[in-house]
Amino acid sequence: MKISAIVTLKKDVLDPQGKVVQQALKGMGFDNVKEIRQGKYFEIDVDENDKKKAEKKAEEMCKKLLANLVIEDFKIIGSQ
Amino acid sequence: MNSSVIIFPGSNCDRDMAVALKKFGFKNKMVWHNDTELPKSDLVVLPGGFSYGDYLRCGSMASKSKIIDSVTKFAKSGGLLLGICNGFQILTETELLPGVLLKNKYSKFICKNVFVKINNSENKYFKNIKKIF
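In short, a report on the structure. This one's a predicted model, so the numbers in the text were calculated from it and none came from an experiment. (Residues numbered from 1 in each chain as written. Chains lettered and ligands numbered in written order. Predicted model: local features only at pLDDT ≥ 70, side-chain atom pairs only at ≥ 80, totals over all residues. Heavy atoms only, no water.)

A look at the overall build of chain B
- In terms of helices and strands, chain B carries 3 helices and 4 strands.
- Secondary structure elements of chain B occur, N-terminal to C-terminal, as β-α-β-β-α-β-α.
- Based on the C-alpha atoms only, the size of chain B along its principal axes is roughly 40 × 40 × 25 Å.
- Excluding contacts between residues fewer than 6 apart, the proportion of contacts in chain B whose partners are at least 24 apart in sequence is 73%.
- With an accessible surface of roughly 9100 Å², chain B has 58% of that area assigned to carbon and sulfur atoms. (Helix = DSSP H or I, 4+ residues; strand = E, 2+ residues; numbered from the N terminus. Contact = heavy atoms within 4.5 Å. Areas by Shrake-Rupley, 256 points an atom, 1.4 Å probe, with all protein chains shown as cover.)

See below:
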């Protein structure tokens, strides 16, 4: 079962990377962007048919490795 | 004194560290990240480089290596543990150093030689150093 997860910076954490991307977009003519924050998307194909169990496994992976909980949040956003 | 330098996939300053340690009279062993036991050591060094290509987060995957349990026990029992560059990043991803590294606020990347000074010599590393270089 494929579980989708996103990892994002906590809202109070500075995102200089997003700022640089925003500046690059501005240079390309996209000048109405107020802010960009960059995150990560994971597609985790777990060898498990039970959706709840698969999501729980993915959540554990996020807590232990995929997200650094000091500065990042994670969210399981889908499964198929 | 005995030292161990841990090598992770993508570490590239492990040999430099070995050369430096030998120069200062350490009997050094290179230790692979997948080993489970440290050799008898007084000093353990996590060297610089790009462990796991800096993928995911710098040092994140290296911090989950099999050898890290042994390194943690070593540090908690009073052993000297030194992380340089990527090695320091790895230490912040383990429970051994608090905090986390953020991206440079002003998007500047500076590479130059600087002078450093010892602010506090009340520790095992600096207590015998009388001069400030």
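Considering the sheet that holds strand β1 (residues 2-9) of chain A
All names here are of chain A.
- With respect to topology, 3 strands assemble into an open sheet ordered β2-β1-β3, the strand pairing being antiparallel. Looking at which strands have only one partner, the edges of the open sheet turn out to be β2 (40-45) and β3 (72-79). Strand-to-strand twist in this sheet, taken as the mean axis angle between neighbours without regard to direction, amounts to 25 degrees.
- Strand direction decides the pairing type here: β1 and β3, joined by 7 bridges, are antiparallel. The residue of β3 that forms the bridge with isoleucine 6 is lysine 75.
- Each of β1, β2 and β3 is contacted by helix α2 (residues 51-66), which is oriented at about 155 degrees to β3, the strand it contacts most. (Pairing = 2+ DSSP bridges. Axes fitted to C-alpha atoms, helices over the stretch in contact; angles between N-to-C directions.)

Observations regarding the interface of chain A and chain B
- Across the contact, 15 residues belong to chain A and 13 residues belong to chain B.
- In this assembly, chain A packs against chain B so that about 1100 Å² is buried in total across both faces, 68% of it on carbon and sulfur atoms.
- The largest share of the area that chain A buries against chain B comes from A:Pro16, A:Leu65 and A:Asn68, three residues that together contribute 43% of it.
- Run the count over chain A and chain B and you get 1 salt bridge.
- A salt bridge links A:Glu72 to B:Arg57, with the shortest nitrogen-to-oxygen separation between them at 3.8 Å.
- The tally of links from chain A across to chain B stands at 5 residue pairs in polar contact (both at pLDDT 80 or more).
- For the side of chain A that touches chain B, the secondary-structure elements that each account for two or more residues are α1 (16-27), β2 and α2 of chain A.
- Of the residues in the side of chain A that touches chain B, the class split is 10 nonpolar, 2 polar and 3 charged. (Buried area = accessible area lost by both parts, 1.4 Å probe. Salt bridge = Lys/Arg side-chain N within 4 Å of Asp/Glu carboxyl O. Polar contact = N/O pair within 3.5 Å; in protein donor to acceptor, adjacent residues only side chain to side chain. Nonpolar A, V, L, I, M, F, W, Y, C, P; charged D, E, K, R; others polar.)

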